[in-house]
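For reference, the chains in residue letters:
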Amino acid sequence: MFPMLTLLSMFYYICLRRRSRSGTRSEALGSRRAVELGQRSALPITVEIEQYGKEVLDFSSHYGSENSMSYTMWNLAGVPNVYPSSGDFTQTAVFRTYGSWWEQCTSTASPFRRTPPNFHSLDYLELAFEEPVYPTAVEVLETYHPGAVVRILACSLNPFSQNPPADVRWEVLWAGKPNKALTPQARQFSPSIRQISFASNLLRLEVNNTLLDYYTELDAVILRGVRERPILALYKIPVIDISDLSDSEEEISDAGGLCCRSGGENRHNLGNGYFERLPYELIQLIVSHLPVPDLCRLAQSCKLFHKHCCDPLQYIQLSLQPYWAQLTDASLSHLQSRCTLLQRLNMSWTGNRGAVTAAGFCSFMKACGLSLVCLELSCCHFLTEACLEVIAQTCQCLQELNLASCDRLQPQTFNLIAKLPNLRRLVLYRTKVEQSAILSILTFCPELRHLNLGSCVMIEDYDVVASMLSARCRSLRSLDLWRCRNLSERGLAELVSGCRLLEELDLGWCSTLQSSSGCFQHLARSLPRLRKLFLTANRTVCDSDLEELAANCSALEHLDILGTRMVSPVSLRKLLQCCPQLKLLDVSFCSQIDSRFVQELSGLFPNVFIKKSFTQ
């Protein structure tokens, strides 16, 4: 307890020091009061503009198909399609996951240490509006299971301008914890937002669906604002963020008196409470609880903390995703000397719109990628073929690679992944990977355990891919083929015959599979370890398929048979009786399973979350 109190007092000292560089403490406090008064003051009398989103520019995931408008993020542009109606509508924007089910799967990556407790975002979308305004309100029309929005940000960049600013800034308009609305009914979510110092026509919504009982559906976003700048105090108290990582030798030596004096010089008046006499390992343990920006700030306080905060052992795991809005090439450059022992790196969402360049990333990888075993790069649009080439050459120990929604990488780039022979987990969701590249990867990466090819529309023949998986990747544990276009009964039969250790299989919206061929019954008999099976929107799933699952897959935990008309209450009850580990069962739009029967089953099997969506 005592060392932690000492550490907190050091932080207080650092904050005062940093503020003193731009003004005295009394000036800073006066400026804070001015800011607060400015935020409470009335806006100038002017016309408030109301705008609906014009274009969806970027997003991390969506439920729909890349070649359709049903359940896609693109539905968020324009006026409402559904609101004020409630329910499950294809004309809305829907993210790929909900609840905690996906986090429970073995295919999910381990969480990163040092993730800030106030960072809750799991998905995002960016929406452009016609005219830049100073925001006065943001309204999100949620039509089904509301409560997922956790942050709303505004950007200084006008995406329709030919002259982008040199410095692209993001400001948080509102932030909150994950929430669950009392009912799944539609609502208009309009949180109280803070004023910002620039006009904006680009908003970013970040969501967390883990508390929700079902998919959240968004219909439209309204941006209200004024053309004239509201009254704001011009003075802003300096804030140290992740882009301020440089270490000044003058600052460190000046501050050294606080925590680096030893007993001989000041035996009776040690200002640090003997902190430096603690064992090195104990100080390391205390410091290890700090988020990355605080770690970098503390390194600037004195020589003792500089040594501890720059120790490469503090950077074995590094998640930069929470700081996507501040991360730059300079940030990576300052971190480079500290990350020589880096094993797990998360840069998802970072670097877009020029903040991180391909050259900056490559330089960091060359210096810090030798020991990497896990690399998360979802939605990193700065990536180029040169970046993947550096990863392939440098990160020979890499076991996990996530390129989800890196949809701007060119198809030929993915051939380079085949040079990573130790890969065990590969996520290529919503990428342009082609058939030749994935076949090459499967040929040279036989240790794959988890593979995600969801929504990879450039693959021409999934039967060939299934055949290669069966021959080369017999240790495969999970496979996501969400919305693959052309997997046939023959390909599925070959897959399950060769990959008999499969525990998770997502065949959602694979409409080419027909139950009448016996493919789902063969699947159930071949995969006794199966824990998760998604047969979403396959209209042909029938009672005999469920009976085989009940007889052979007693470890089943997650089952989605949304949309089938051929499953009866009798077979569903039998499945629940024979699969005691079942946690999630989606029977939405199953015409023979009505809401009254779902309520009855929920009473008989209280540990199973049985989903039945509705449309008003």
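Further up the page is the structure itself.
This structure is a prediction, so every number in the text was calculated from the model and none was measured.

### A closer look at the overall build of the chain
1) Next: When helices and strands are counted, the chain shows 16 helices and 21 strands.
2) Next: Each of the 616 residues in the chain was classed as buried or not, and the buried ones make up 55%.
3) Next: Summarising the internal contacts of the chain: among those between residues at least 6 apart in sequence, 80% fall at separations of at least 24.
4) Next: As displayed, the chain has an accessible area near 25,400 Å², and 52% of this comes from carbon and sulfur atoms.

### Comments concerning the pattern of salt bridges
1) Next: This structure, assessed with the given rule, holds 25 salt bridges.
2) Next: Among the salt bridges present, the one from Arg224 reaches Glu139, with a minimum N-O distance of 2.8 Å. With Arg224 in strand S9 (residues 217-226) and Glu139 in strand S4 (residues 123-144), this pair connects stretches of sequence that are 85 residues apart. By the burial criterion, Arg224 is buried, and Glu139 matches it.
3) Next: For Asp294, the salt bridge goes to Arg297, with nearest N and O atoms at 2.8 Å. Here Asp294 pairs with Arg297, and both are found in helix H5 (residues 292-298), just three residues apart, close to one helical turn.
4) Next: Through salt bridges that share partners, Glu126, Arg151, Arg204, Glu206 and Arg353 make up one connected network.

### Here we look at the sheet that holds strand S13 (residues 400-402)
1) Next: Strand order in the open sheet formed by twelve strands is S10-S11-S12-S13-S14-S15-S16-S17-S18-S19-S20-S21, with parallel pairing between adjacent strands. The outermost strands of the open sheet, each flanked by one partner alone, are strand S10 (317-319) and strand S21 (609-611). In this sheet, adjacent strand axes meet at a mean angle of 5° when their direction is disregarded.

### Focus: the pairing of strand S5 (residues 149-155)
Regular strands show a simple pattern: their side chains alternate between the two faces of the sheet.
1) Next: The element S5 is extensively covered by neighbouring structure, given that seven of its seven residues are classed as buried.
2) Next: Pairing geometry for S5 and strand S8 (residues 200-207), over five bridges, is antiparallel. Note on S8: the bridge partner recorded for Ile152 is Leu205.
3) Next: Where S5 and strand S6 (residues 170-175) come together, five bridges link them in antiparallel fashion. Residue pairing for S6: Leu153 is matched across the bridge by Val172.

### Here we look at the packing of aromatic side chains
1) Next: Under the counting rule described, the total for this entry stands at 18 aromatic pairs.
2) Next: On the basis of an interplanar angle of 75° and a centroid distance of 5.2 Å, the ring pair of Tyr63 and Tyr71 is categorised as edge-to-face.
3) Next: Take Tyr63: its relative accessible area is 5%, and that puts it in the buried class.
4) Next: On the accessibility criterion, Tyr71 (10% relative accessible area) is buried.
5) Next: Each ring, one from Trp102 and one from Phe534, has its centre 5.8 Å from the other, and the planes form 85°; the classification is edge-to-face. Of this pair, Trp102 sits in the loop between strand S3 (93-94) and S4 while Phe534 sits in strand S18 (residues 532-534), placing them 432 residues apart in sequence. Of the two residues, Trp102 and Phe534, both sit in the buried class.

### Observations regarding the nonpolar core
Generally speaking, nonpolar side chains in soluble globular proteins are found buried as a group.
1) Next: Counting residues in each nonpolar core, the largest one holds 121 residues, and the members touching the most others are Leu428, Ile438 and Leu492.
2) Next: If one sorts the elements of this core by residue count, helix H8 (residues 358-368) sits on top with six residues.
3) Next: Ignoring any residue separated from it by four or fewer positions in sequence, one finds Ile438 in contact with Leu428, Val433, Leu451, Leu453, Ile459 and Val465.
4) Next: Formed by 30 residues, the second largest nonpolar core is a distinct cluster that contains Ile49, Val138, Val149 and Leu223.

### Considering the environment of Trp101
1) Next: Secondary-structure assignment places Trp101 in the loop between S3 and S4.
2) Next: Separated by 109 residues in sequence, Trp101 and Thr210 place their C-alpha atoms 8.2 Å apart.
3) Next: Residues contacting Trp101, with those up to four places away along its chain left out, are His558, Lys583, Leu584, Phe609 and Lys611.

Calculation notes
Residues numbered from 1 in each chain as written. Predicted model: local features only at pLDDT ≥ 70, side-chain atom pairs only at ≥ 80, totals over all residues. Heavy atoms only, no water. Helix = DSSP H or I, 4+ residues; strand = E, 2+ residues; numbered from the N terminus. Buried < 20%, exposed > 50% of the residue type's maximum accessible area, 1.4 Å probe, protein only. Contact = heavy atoms within 4.5 Å. Areas by Shrake-Rupley, 256 points an atom, 1.4 Å probe, with all protein chains shown as cover. Salt bridge = Lys/Arg side-chain N within 4 Å of Asp/Glu carboxyl O. Pairing = 2+ DSSP bridges. Axes fitted to C-alpha atoms, helices over the stretch in contact; angles between N-to-C directions. Phe/Tyr/Trp six-rings, centres within 6.5 Å; stacked < 30°, edge-to-face > 60°. Core = buried A, V, L, I, M, F, W, Y, C linked by side-chain atoms within 4.5 Å.

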